[in-house]
Amino acid sequence: MDRSKKLSETEYEIMEVLWQAQAPMSAAQISAYFSEHHNKEWKASTLATFLSRLTQKGVITSKRNGRVPYYHPIKSQKEYERDGAQGILDTLYDGSIKNFFAALYGGTQMSEEDRDSLKEWLDHQ
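Remember, it's a predicted structure, so these values are computed and weren't measured experimentally.

### Observations concerning the overall build of the protein
Then, number 1: Within the protein one finds 6 helices and 3 strands.
Then, number 2: For the protein, the sequential pattern of α-helices and β-strands runs α-β-α-α-β-β-α-α-α.
Then, number 3: Its C-alpha atoms give the protein a radius of gyration of 19 Å, clearly above 14 Å, the size a compact globule of 125 residues would have.
Then, number 4: Projected onto the principal axes, the alpha-carbon positions of the protein cover approximately 55 × 25 × 25 Å.
Then, number 5: Working note: accessible area of the protein is about 9100 Å², and carbon and sulfur atoms make up 50% of it.
Then, number 6: Positive and negative side-chain charges in the protein, numbering 16 and 18 respectively, have mean positions lying 11 Å apart.

Right, dumping it as structure tokens:
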């Protein structure tokens with residue numbers, strides 16, 4: 001994944017709320033959620049900065065209802081995480097799953113259960 005699209009910890013927390021939401025959310029709704037569930041109080045300008053960055057990174061979009069913008073994700077959480085995993089695979093392991101597993105299990109023996117589970121998963125790809 002392009003470094004410019006990598007999310008900060010707080011940006012990811014905001015995305016988790018948007019991914020779980022049943023409908024687009026306004027900044028006021030997002031702020032109220034964090035105040036109630038995470039005990040975080042943000043100034044409107046702080047949250048606006050995070051939402052602006054998320055928009056610039058291409059992970060959310062907004063649609064106005066009157067004067068109020070409502071934010072929603074462009075990609076699902078699964079799609080975002082898959083893209084991130086692919087970016088790591090491409091960057092660190094030349095896109096090779098074999099190279100990834102060699103690095104992951106380098107010097108240690110993979111358990112038979114892990115081998116069977118991996119084989120089953122690969123057989124269904």
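### Considering the layout of surface pockets
Then, number 1: Approximately 380 Å³ is the volume attributed to the largest pocket.
Then, number 2: Residue lining of the largest pocket: Arg-82, Ala-85, Gln-86, Ile-88, Leu-89, Tyr-93, Ile-97, Phe-100, Phe-101, Leu-118, Trp-121 and Gln-125, and that is the complete set.
Then, number 3: Of all the secondary structure elements, the ones that give two or more residues to the lining of the largest pocket are α4 (77-93), α5 (97-105) and α6 (112-123).
Then, number 4: For the lining of the largest pocket, the leading source of residues is α4, giving 6 residues.

### Looking at the packing of aromatic side chains
Then, number 1: This structure, assessed with the given rule, holds 8 aromatic pairs.
Then, number 2: When the ring of Trp-19 is compared with that of Tyr-80, the centres are 5.9 Å apart and the planes differ by 45°; the resulting orientation is tilted. You can see Trp-19 sitting in helix α1 (residues 9-20) and its partner Tyr-80 sitting in helix α4, a full 61 residues away along the chain. Neither residue differs from the other here; Trp-19 and Tyr-80 are each classed as buried.

### A closer look at the sheet that holds strand β1 (residues 25-26)
Then, number 1: Across the sheet, 3 strands lie side by side as β1-β3-β2; this open sheet has antiparallel pairing. Every other strand in the sheet has two partners, leaving β1 and β2 (60-65) as the edge strands with one partner each.
Then, number 2: Summarising the sheet, β2 and strand β3 (residues 68-73) pair through 6 bridges and their orientation is antiparallel. In the strand pairing of β3, Lys-63 is matched with Tyr-70.

### Concerning unusual backbone geometry
Then, number 1: Despite not being glycine, Asn-39 has its phi angle at roughly 55°, a positive value.
Then, number 2: Inspection of the secondary structure assignment puts Asn-39 in the loop between α2 (27-37) and α3 (44-56).
Then, number 3: Since its relative accessible area comes to 68%, Asn-39 is described here as exposed.
Then, number 4: Phi at Asp-94 is positive, roughly 50°, even though this residue is not glycine.
Then, number 5: By the secondary structure assignment, Asp-94 is in the loop between α4 and α5.
Then, number 6: Note on Asp-94: relative accessible area 70%, which makes it exposed.

Cut-off values and rules
Residues numbered from 1 in each chain as written. Predicted model: local features only at pLDDT ≥ 70, side-chain atom pairs only at ≥ 80, totals over all residues. Heavy atoms only, no water. Helix = DSSP H or I, 4+ residues; strand = E, 2+ residues; numbered from the N terminus. Rg over C-alpha atoms; globule rule 2.2 N^0.38 Å. Areas by Shrake-Rupley, 256 points an atom, 1.4 Å probe, with all protein chains shown as cover. Lys, Arg positive; Asp, Glu negative; His and termini not counted. Charge placed at Lys NZ, Arg CZ, Asp CG, Glu CD. 1 Å grid on protein atoms, 1.4 Å probe; cavity = no way out; pocket = protein on both sides within 12 Å on 5 of 7 lines; lining within 4 Å. Points joined across faces, edges and corners; volume = space filled by probe spheres on them. Phe/Tyr/Trp six-rings, centres within 6.5 Å; stacked < 30°, edge-to-face > 60°. Buried < 20%, exposed > 50% of the residue type's maximum accessible area, 1.4 Å probe, protein only. Pairing = 2+ DSSP bridges.

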